[in-house]
Amino acid sequence: MNSTSTQVVVLIATCDRDDLLLDRSLPSVLNQNRLPDYIVVIDDSKNNSKLEEILTDRIPPGVKFIFLKNKRAKGASGAWNTGLVFVTDNFKNPENTFIAILDDDDEWHPCHLETCLKHTPNYDVVIGGITRYSSKTYNDSIPNVLNIDELLVTNPGIQGSNTFVRLSAILEAGLFDENLASCTDRDLYIRLAQMGVKTVSTERHTVHHYCCSDRLRLSSYGSPSKLEGLQAFWQKYQSQMSNEQKQMFLERSKTLFGFVPKQIASIPTAKIHFPRDPEPFHLIVAVISNNAQQLKPLLEDLRCLREESFLLDLDVLVMENGGDGQNLLELTKMDGINCHFISLSQQIRDNSRGIFGKGFQREKSLLGIGKARTILQRYIHRFMDKKQNSIGWILDDDMRLDFRARLYLPWLPSFRRWKVDVLLGSFEYASPNPPLNGSRIQLVDLIHNLQWLDNLKPDDVLPDRSNENRQTRLVYPDYYYDLSRLHTGHLETPYWLTPIYEGETVKEARTRLLERAPYLLAGEPLTRPILVDLPTDPINEAKESVNRGGNTFILNPLALQAPNAVAEVSGKEVRRSDMIWAVINRYYHGLTIKHVHFPVIHKRKIEAKPQLNIQKVVGEIQGSSLYAALKEILKGHAVHNFEFHEETKNVICDKVQEYQKKRLLSLKINYFRARGIQKYIKNYDQTGELEEFVEQLSQWYSETTFEAIESRVKTLSKDEIKKFIDSLKPQIENYTPKRDLYLNNWCYLPTNYGEFRMYDTGDEEIRLVSYGDVHQFSSIPLVRIHSSCMASELFKSNDCDCADQLEEAMQRIASQQEGLIFHLHQEGRGQGLSNKIKAISLMQKQKMDTVEAFEKLQLKQDVRDYQKVVDILLDLNIKSVRLITNNPRKISCLREAGLVVEPVNTQPKIRKENRDYLYTKRDKLNHFFCLD
């Protein structure tokens with residue numbers, strides 16, 4: 001609703017008090033001299049299916065009304081915030097919208113809204129007086145200003161039912177604190193006062209509050225919710241209180257409610273135990289990088305693992321992704337670690353051979369992380385095929401390891417024995433999310449910590465409040481993330497600065513806080529580093545999950561056959577392809593994926609002057625929404641063929657847009673809160689220490705910036721969502737190794753030596769025939785890798801031994817009744833038919849041998865490539881071969897590719913036409929055979 005006139009929205013939260021709602025509070029709203037523009041009733045009951053229907057009948061036509069279920073934290077704060085989020089979404093002018101709250105057991109005088117509205121042009125908060133009804137009736141005093149000192153100690157006559165506040169002010173104050181089970185009104189008004197809102201009293205008692213003693217109420221002595229709320233309020237604000245205020249607060253709370261603050265006990269850290277009889281394994285670590293300096297610490301950490309007894313060996317694959325290639329290459333030559341550098345040029349060559357799937361493009365530009373990981377997986381798969389009992393570990397290049405890696409890595413084979421295919425690890429320190437998505441809560445921390453530190457003596461040692469922080473982490477797992485879908489109670493719960501060295505003083509800590517504050521916009525965890533505890537029983541504590549990030553263990557190589565499917569909007573890649581990868585593996589391949597707290601330390605690059613990356617924020621919202629919608633649709637399926645009917649696609653589209661809307665709305669509310677904190681810091685910073693930071697906040701959190709994010713997010717249309725959904729199965733099939741698709745296409749090949757099979761490899765350059773089923777070989781097979789020779793094979797030329805070797809190979813394989821022949825289109829030792837004809841012409845006319853002819857033509861003697869053969873063999877799980885050859889180069893090429901090779905020599909048929917050629921092969925090309 002977009003209106004320039006003042007709008008009034010009434011919020012009523014109710015919980016299992018239908019009679020009071022229907023007989024007292026609601027009628028008082030409907031009897032107002034000035035009716036509200038909207039009535040929002042939020043139900044916090046567990047089961048109340050008929051209430052909405054009853055309310056709809058009671059509210060007269062013409063009065064706008066909506067019934068909502070509390071979708072946030074249980075309690076009044078969550079219910080009120082559910083209503084406030086609805087109003088924020090539907091009323092487009094928060095400056096001209098006022099929120100009036102009424103408890104479901106209270107009522108208003110008919111002139112209440114009318115009286116409050118008279119003061120709205122010039123004030124943000126209008127306070128009406130409360131008349132209390134208990135054993136006697138009395139009027140509360142009405143505060144005319146918000147006094148923080150008073151609010152810290154007592155309630156000066158403000159509560160839910162006389163709350164009448166401008167919507168923009170509530171938003172900038174951060175809404176109600178859902179971590180508080182009570183004291184919610186005082187807490188909100190403290191934050192409003194900190195922002196310097198304009199407050200006025202109506203000087204009339206228009207709110208009727210019933211303090212009934214015949215039922216348990218929130219304010220009853222010993223009320224569990226009251227005590228819980230007082231404990232949370234004490235932990236939040238006692239650091240701002242003077243000693244006198246603390247004493248007054250505690251005396252009042254004990255007298256009225258029986259409250260005595262609890263000491264936050266130290267929670268012992270659990271210790272992981274070493275697995276029994278750990279199975280040694282080969283670890284293959286894979287990382288993508290374009291920054292050698294950033295990667296170096298990770299390689300140094302990995303180097304320290306090499307001598308661990310639980311590792312058979314350690315290989316590290318470093319894949320270049322745009323820039324710094326030479327420095328990365330030099331870095332991979334580091335002593336004490338077995339690194340393999342995958343250059344950009346190698347990736348481009350492999351792409352031209354179709355290694356990364358049909359239609360995949362690998363050019364020289366920097367690839368997005370999704371496509372880069374799709375490439376990396378091929379190389380990991382190749383290495384895992386070469387190494388028996390191997391496990392892959394995909395890490396981002398800004399990760400670090402500590403001593404705990406030695407404790408959790410030995411558990412990986414145990415997970416594999418328990419049929420876990422992929423294990424998702426955890427992060428510590430910096431969040432992997434865009435900095436904007438975690439800055440609101442750290443700004444909240446900033447003001448609370450400054451208030452706390454200012455209340456301490458500068459030369460005192462900084463108190464350690466780690467136990468309080470750990471309690472927050474245990475209650476709110478997403479304590480570091482503004483847009484959490486798990487909970488919202490963490491958003492106004494402060495997290496305390498802790499000493500970084502023994503004896504750090506308050507003055508030193510305050511200096512550190514102010515110096516590092518600007519870097520929270522770059523993703524530095526100023527106050528909320530991610531911390532996790534190692535599991536004591538990893539197998540049983542692991543949970544099913546598809547929430548993948550940059551710390552992934554591959555226990556089953558089949559997981560590497562799923563692409564990191566990337567959606568594009570207006571040519572820009574959206575994020576969260578890693579989670580789509582996990583969804584594909586879980587539901588398409590039917591793999592078991594679990595998450596366990598095996599942490600790596602995320603040391604993201606911190607920019608000196610952080611810039612807001614709007615596209616990253618947009619891509620995160622779009623990608624997370626796609627992931628969440630797809631996961632919701634697939635939930636409940638054991639496996640799915642990823643063929644979606646039009647009706648299902650429409651449902652997915654609706655859900656994606658619903659998730660986008662929710663995230664944008666959460667971001668919008670966070671923007672308001674950040675603007676409120678910016679105003680507070682600007683007033684607080686009398687010395688100018690944070691002047692530049694405040695200016696940057698004003699740019700990041702401007703209305704213009706949010707509108708830019710919102711408009712870009714909404715460019716993800718239904719057509720593009722459907723296009724992405726339709727692309728998933730083709731992306732999976734195109735990425736699946738070609739052999740899996742084509743080797744099922746075969747026919748029998750009757751020959752003079754027996755019945756062979758001829759296969760379609762999907763590549764016209766490579767032909768494959770076998771004796772027996774290639775998928776069923778039980779021993780180390782005979783293999784012939786044969787380069788084409790049209791002259792001898794087709795036209796029966798006698799001047800070489802090529803056709804002879806092919807026939808001998810067929811005879812040997814047929815006699816063994818098992819084996820393969822690869823026929824490669826590699827005329828002239830890979831130089832092609834044209835060059836071969838030129839060389840033979842020189843041999844005939846100038847009496848040269850084959851080596852001399854190649855030298856004359858300035859050709860390399862042998863450029864044949866056998867990688868495609870190796871890939872097929874590995875895909876068939878053939879890692880050892882008896883190779884029919886006399887060529888030492890062919891043997892070494894296969895061995896360098898990781899195969900175990902047993903040479904099987906052939907005996908050439910010597911004729912006068914090929915005698916000189918055979919001697920040259922033996923004497924100059926080092927072929928193994930006897931010509932005597």
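Everything numeric in this text was worked out from a predicted model, so none of it was measured.

## Side note on the pattern of salt bridges
Tallied over the entire structure, the rule returns 55 salt bridges. In this structure, E428 and R404 form a salt bridge, with 2.6 Å as the shortest nitrogen-oxygen distance. Linking E428 in strand β15 (residues 422-429) with R404 in the loop between β14 (399-400) and α14 (405-408), this pair joins segments that are 24 residues apart in sequence. By relative accessible area, R404 is classed as buried at 11%. A salt bridge links K649 to E646; the shortest N-O distance between them is 3.4 Å.

## Brief notes about the packing of helix α1 (residues 18-30) against helix α2 (residues 51-58)
For any two helices packed against each other, one specifies the inter-axial angle together with the distance between the axes. Interaxial distance between α1 and α2 falls to 12 Å at its minimum, and their mutual angle equals 30°. When the axes of α1 and α2 are compared, the pair comes out roughly parallel. As for the relative orientation of α1 and α2, their crossing is right-handed in sense. Mapping the contact onto sequence places D18, L21, L22, D23, L26 and L30 in α1 and L51, I54, L55 and R58 in α2. Among the residues forming the contact of α1 with α2, the class breakdown is 7 nonpolar, no polar and 3 charged.

## A few points about the side chain of Q805
Position of Q805 among the secondary structure elements: in helix α28 (residues 802-816). Looking at Q805, the relative accessible area reads 9%, which means it is buried. Not counting residues within four places of it along the chain, the set of residues in contact with Q805 comprises R784, N886, T906 and K921.

## Some details on the domain arrangement of the protein
Entries for the protein in the domain assignment read domain 1 (7-215), domain 2 (220-262), domain 3 (282-430 + 530-556 + 591-606), domain 4 (435-522), domain 5 (607-738) and domain 6 (746-826 + 864-925). Domain 1 and domain 5 are separated by 32 Å when their C-alpha centres are compared. Taken together, the 13 residues of domain 1 in the interface contact 10 residues of domain 5. Taking both partners together, domain 1 and domain 5 bury about 1100 Å²; carbon and sulfur atoms supply 65% of that area.

## Here we look at unusual backbone geometry
Excluding glycine, residues mostly have negative phi values, and the peptide bonds linking residues are mostly trans. Of note, the phi angle at C183 is positive, near 65°, even though the residue is not glycine. Considering the arrangement of structural elements, one finds C183 in the loop between α6 (167-173) and α7 (184-194). Given the relative accessible area of 5%, C183 is considered buried. Of note, D277 is a non-glycine position whose phi angle comes to about 45°, a positive value.

## Quick word on the nonpolar core
Counting residues in each nonpolar core, the largest one holds 57 residues, and the members touching the most others are F642 and I652. Mapped onto this core, the elements with two or more residues apiece are β10 (281-289), β11 (311-320), α13 (369-386), β15, α20 (577-588), α21 (614-634), α22 (646-684) and α25 (718-735). Counting contributing residues, this core receives three or more from each of domain 3 (282-430 + 530-556 + 591-606) and domain 5 (607-738). With near-sequence residues (within four places) excluded, F642 lies in contact with V583, I584, Y587, Y588, L634, L728, K729 and I732.

## Some remarks on the sheet that holds strand β27 (residues 900-904)
Ordered in space as β21-β22-β23-β25-β24-β26-β27, the 7 strands form an open sheet in which the pairing is mixed. A strand with exactly one partner marks an edge of an open sheet, and here the two such strands are β21 (746-751) and β27. Neighbour-to-neighbour, the strand axes of the sheet open up by a mean angle of 30°, direction not taken into account. Across 5 bridges, the pairing between strand β26 (residues 880-884) and β27 is parallel. Bridged to R882 within β27 is E902. Running at roughly 160° to strand β24 (residues 782-787), α28 makes contact with β21, β22 (754-759), β23 (766-771), β24, β25 (819-824), β26 and β27 of the sheet. Where helix α31 (residues 867-875) meets the sheet, its contacts fall on β23, β24, β25 and β26, and the angle it forms with β25 comes to roughly 150°.

## A closer look at the pairing of strand β6 (residues 125-133)
Burial analysis of β6 places 8 of its 9 residues in the buried class, which makes it a mostly covered element. Taken together, the 8 bridges between β6 and strand β9 (residues 199-210) define a ladder with parallel strand orientation. Residue pairing for β9: Y133 is matched across the bridge by Y210.

## A word on the packing of aromatic side chains
Applying the stated criterion across every chain yields a total of 28 aromatic pairs. With centroids separated by 5.2 Å and ring planes inclined at 85°, the aromatic side chains of F756 and Y771 adopt a geometry described as edge-to-face. Of this pair, F756 sits in strand β22 while Y771 sits in strand β23, and the two are 15 residues apart along the sequence. Assessed through its relative accessible area of 18%, Y771 is described here as buried. By way of ring pairs, the aromatic residues F233, W234, Y237, F249 and F259 are connected into one cluster. Here R465 stacks its cationic end above the ring of W452, 4.9 Å away from the centre of that ring. The lysine or arginine in question, K603, covers the ring of Y429, its NZ or CZ lying 4.3 Å from the ring centre.

## Brief notes about the environment of K714
Relative to the elements of secondary structure, K714 occurs in the loop between α24 (703-713) and α25. For K714 and V618, which are 96 residues apart along the polypeptide, the C-alpha to C-alpha distance reads 9.2 Å.

## A look at the environment of A629
By the secondary structure assignment, A629 is in helix α21. The buried category is assigned to A629, whose relative accessible area is 0%. Along the backbone, A629 and Y659 are 30 residues apart, and their C-alpha atoms lie at a distance of 7.5 Å. Here A629 is in contact with I652, K655, V656 and Y659, once residues within four sequence places are set aside.

The rules behind these values
Residues numbered from 1 in each chain as written. Predicted model: local features only at pLDDT ≥ 70, side-chain atom pairs only at ≥ 80, totals over all residues. Heavy atoms only, no water. Salt bridge = Lys/Arg side-chain N within 4 Å of Asp/Glu carboxyl O. Helix = DSSP H or I, 4+ residues; strand = E, 2+ residues; numbered from the N terminus. Buried < 20%, exposed > 50% of the residue type's maximum accessible area, 1.4 Å probe, protein only. Axes fitted to C-alpha atoms, helices over the stretch in contact; angles between N-to-C directions. Parallel < 35°, antiparallel > 145°, perpendicular 65-115°, else oblique. Left-handed = near helix turned anticlockwise from the far one by under 90°. Contact = heavy atoms within 4.5 Å. Nonpolar A, V, L, I, M, F, W, Y, C, P; charged D, E, K, R; others polar. Domains from an automatic or database assignment. Buried area = accessible area lost by both parts, 1.4 Å probe. Core = buried A, V, L, I, M, F, W, Y, C linked by side-chain atoms within 4.5 Å. Pairing = 2+ DSSP bridges. Phe/Tyr/Trp six-rings, centres within 6.5 Å; stacked < 30°, edge-to-face > 60°. Lys NZ or Arg CZ within 6 Å of the ring centre and 35° of its normal.

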